[in-house]
Amino acid sequence: MRVTVTVNGQPHTREVEPRLLLVHFLRDELGLTGTHWGCDTSNCGVCTVRLDGVPVKSCTVLAVMADGHEVTTVEGLERDGELDAVQKGFVECHGLQCGFCTPGMLLTARWLLDRDPDPDEATIREAISGQLCRCTGYENIVRSIKWAAAAEQEARS
Amino acid sequence: MQVPATFAYERADSVPHAIALLERYGPDARIVAGGHSLIPMMKLRLAQPEALIDINGLAGELGRVAIEREGEGEELAIGALVRHAELLDSTAATDLFPIFRDAERVIADPIVRNRGTVGGSLCQADPSEDLAAVFAALGATAVIQGPGGVRTVPIREFHRGPYETAVEPNELLIQLRVPVRPGTGSAYEKVERRVGDWPVAAAGAVLTVEDGVITSAGIGLTAVGAEGFHAPEAEELLTGRPPGAEAFAEAGRVAAEHCEPHADQRGPADYKRHLAAELTRRALTTAAGRI
Ligand SMILES: Cc1cc2nc3c(=O)[nH]c(=O)nc-3n(C[C@H](O)[C@H](O)[C@H](O)COP(=O)(O)OP(=O)(O)OC[C@H]3O[C@@H](n4cnc5c(N)ncnc54)[C@H](O)[C@@H]3O)c2cc1C
Ligand code: FES
Ligand code: FES
């Protein structure tokens, strides 16, 4: 089946089998390996991408379901060579160790701050509760997201 | 790497079109909504449909939450394609029935809730489905559409057994309708092993009180082998009595007696039976406090 998926603003057309999962479409067809692939059972959240703005676990979405829709992956977070505030936060606050969970964490953090620019700690922890950090670095991940929220508040004021 | 077997993929552009596609492909075709139950089963080859009919494009028809007039009163109408996250965000639903907020906050995790749907949960009919107990407690009505038109089924007759519902292979669940009654409180209590997990056991309660007496009691139970996901004996016991700690504890005991929990990786049967009693008592207490 012929599908056209707009990924990070760029339309991509490919011939795919309906059973191809979105995570493999992104990684294997488009070479966008920033989207990771872990548990394969919709539990760990490393495969999270934004589909029409909403974070979803791409190991449990068919590529054909994204036909005609917009997908944002971690590669689409930076703008004109400048990292997004959440990416800067992870750099500043040591928000990653091995980095396996990081793309999903970043996209979920961006989604959270888009909806709630000043989340408290409980809200942040709730928002990332669908993502597992195998290195268990949650403290610094929460700190990184707080850093990004504060940086964006400051930029606005 | 888990890969589903091959299948044909069709996108429905309306409810009648989805039904026509189901008819064309026959009983081996399946509707796919959020896909968060069906796709994992297909990856494990526990399900091998020959065709998937994708209804994700039908948000206009099936994605609404609204309060509608119905005869003398009102009903809350929830479309089958409403995502868990949308139900949680719908103040129309959660202000009237806080049981939705209680339950949706502990169903899966926020990312899964962005995709999984109300209709998919009910049609999946997993014996541990949270929303099955919620809608049973609320005494909802399922609206089903097929080639012959639209029919309604009381939710307590909707589930026919594990993974079996009243929806025929050529039909679609399109909506859930919940009667709105003044003087009603509701709540949901769940015990899970870890955040985002399926329940070890859970109970929902919906109470209507008039002049100090319970005029209607709904008790929903999941993961404990309660037939039809509800507890009719306990509901009957409460009707006509004033709300109170003693009545709620007794209702919990009776509800637990009529369950048939099974031991599994989430816990032994006697623990689940204990939870059925205690969670019923707690849900009733909270529901009464919210009237
Ligand atoms: C990691 C994880 C954790 C979860 N935790 C919980 C939990 O704690 N509690 C809980 O209750 N659930 C939980 N779930 C299940 C989740 O709620 C369901 O997967 C989901 O809501 C099912 O909806 P869906 O739209 O994804 O259904 P799908 O997977 O698309 O469909 C499920 C079934 O219903 C049928 N179907 C779907 N829509 C219709 C319709 N409108 N008419 C007729 N048939 C239809 C499909 O053909 C299929 O047989 C969890 C799921 C995951 C992946
Ligand atoms: S790989 Fe998708 S949730 Fe783990
Ligand atoms: S940094 Fe290693 S999994 Fe999170």
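Residues numbered from 1 in each chain as written. Chains lettered and ligands numbered in written order. Predicted model: local features only at pLDDT ≥ 70, side-chain atom pairs only at ≥ 80, totals over all residues. Heavy atoms only, no water.

Per an unreviewed UniProt entry, chain B carries the name Carbon-monoxide dehydrogenase medium subunit and comes from Nonomuraea wenchangensis.

An unreviewed UniProt entry lists chain A under the name Carbon-monoxide dehydrogenase small subunit, from Nonomuraea wenchangensis. In the Pathway (unreviewed entry) part of its UniProt record, chain A is described as follows: "Alkaloid degradation; nicotine degradation." (UniProt positions renumbered as here; feature names shortened; annotations may be inferred.)

## Focus on the interface of chain B and chain A
Of the residues lining the interface, 31 residues belong to chain B; the matching set on chain A comes to 32 residues. Overall, the association of chain B and chain A removes approximately 2400 Å² of surface from exposure, summing both partners, and the carbon and sulfur fraction of that is 61%. Contact with chain A buries surface across chain B, with Tyr9, Ile111 and Arg115 of chain B losing the most and accounting together for 23% of the total. Across the contact surface, chain B and chain A share five salt bridges. Residue Arg113 of chain B pairs with Glu126 of chain A through a salt bridge whose shortest N-O separation is 3.0 Å. The interface formed by chain B and chain A includes nine residue pairs in polar contact (both at pLDDT 80 or more). Looking at which element gives the most residues to the side of chain B that touches chain A, the answer is helix H7 (residues 110–113) of chain B, with four residues. Of the residues assigned to the side of chain B that touches chain A, the class counts are 15 nonpolar, seven polar and nine charged. (Contact = heavy atoms within 4.5 Å. Buried area = accessible area lost by both parts, 1.4 Å probe. Salt bridge = Lys/Arg side-chain N within 4 Å of Asp/Glu carboxyl O. Polar contact = N/O pair within 3.5 Å; in protein donor to acceptor, adjacent residues only side chain to side chain. Helix = DSSP H or I, 4+ residues; strand = E, 2+ residues; numbered from the N terminus. Nonpolar A, V, L, I, M, F, W, Y, C, P; charged D, E, K, R; others polar.)

## Thoughts on the sheet that holds strand E4 (residues 65–70) of chain B
Residues and elements named next belong to chain B. One open sheet accounts for five strands, arranged E4-E5-E10-E6-E7; its pairing is antiparallel. For this open sheet the edge positions go to E4 and strand E7 (149–154), each flanked by a neighbour on one side alone. Within the sheet, the average angular offset between the axes of one strand and its neighbour, ignoring direction, is 30°. Bridging between strand E6 (residues 141–146) and E7 involves six bridges; their strand directions are antiparallel. Bridge pairing links Val143 to Thr152 in E7. (Pairing = 2+ DSSP bridges. Axes fitted to C-alpha atoms, helices over the stretch in contact; angles between N-to-C directions.)

## Some thoughts on the site of ligand 1
Neighbouring ligand 1 are 32 residues, the closest being Ile31, Ser37, Leu38, Thr117 and Asp130 of chain B. The environment around ligand 1 is built from residues contributed by chains A and B. In this structure, an oxygen atom belonging to ligand 1 sits 2.7 Å away from a side-chain N or O atom of Ser37 of chain B. The side chain of Lys190 of chain B places a nitrogen or oxygen atom 3.1 Å from an oxygen atom of ligand 1. (Near = heavy atom within 4 Å.)

## Focus: the pairing of E6 of chain B
Residues and elements named next belong to chain B. Among the six residues of E6, five are classified as buried, and the element is accordingly described as predominantly covered. Joining the antiparallel neighbours E6 and E7 is a turn of two residues. In this sheet, strand E10 (residues 172–180) lies alongside E6 in antiparallel orientation, the contact comprising five bridges. What sits directly across from Ala142, in E10, is Leu176. (Buried < 20%, exposed > 50% of the residue type's maximum accessible area, 1.4 Å probe, protein only.)

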